[in-house]
Amino acid sequence: MSIKKSVVLRIQRLCAEKQMTLNALANVSGVTPSTIYSVMNKDRKDIGIVLIKKICDGMEISIGEFFNDSIFYELEQELE
C-alpha cells in the first residue's frame, strides 16, 4: 500500500473510532472541509506533513500516535 492510501485509511479509521465526520474533522483541525475531502480524493497524490499535524491536533493525538499503526510498517517503495 502507498503512503497516501495508508494515511487516508488511518484518517478514516480514526474518524470511525471517534465517531467523527469529515466535516467535524475539518472544523476541529482548523482546515476547510474541501481540504479534508481533497485529501481523501484518490486522485490527489501528496499530503503535506503540516496538514497531517493539524489533523492530529484536531483529533487530540500526537503525530507519533498517528503513524504508530501497522499499516505504516510495510509501505510500498515510492520511487518511480
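Use the structure listed above.
Since the structure is predicted, the reported quantities are computational estimates derived from the model, not experimental observations.

Undergrad: Summarise helix 2 (residues 22-29); cite the residues concerned and give the values.
TA: L25, A26 and S29 are the residues of helix 2 that are buried. What you see down the axis of helix 2 is that its buried residues fit within an arc of 100°, all on one side. Where helix 2 is buried, its residues contact helix 1 (3-17), helix 3 (33-40) and helix 4 (49-59). Downstream of helix 2 by a residue or two, G30 has a phi angle that is positive, lying close to 75°.

Undergrad: Describe the nonpolar core, with residues and values.
TA: Membership of the largest hydrophobic core comes to 22 residues, with the highest contact counts inside it found for V7, I11, L25, I47, I55, M59 and F66. At the level of elements, helix 1, helix 2, helix 3 and helix 4 are the ones that each hand at least two residues to this core. Among residues more than four places away in sequence, those in contact with L25 are I11, C15, M20, I36, I55 and M59.

The rules we used
Residues numbered from 1 in each chain as written. Predicted model: local features only at pLDDT ≥ 70, side-chain atom pairs only at ≥ 80, totals over all residues. Heavy atoms only, no water. Buried < 20%, exposed > 50% of the residue type's maximum accessible area, 1.4 Å probe, protein only. Helix = DSSP H or I, 4+ residues; strand = E, 2+ residues; numbered from the N terminus. Arc of directions from axis to C-beta. Contact = heavy atoms within 4.5 Å. Core = buried A, V, L, I, M, F, W, Y, C linked by side-chain atoms within 4.5 Å.

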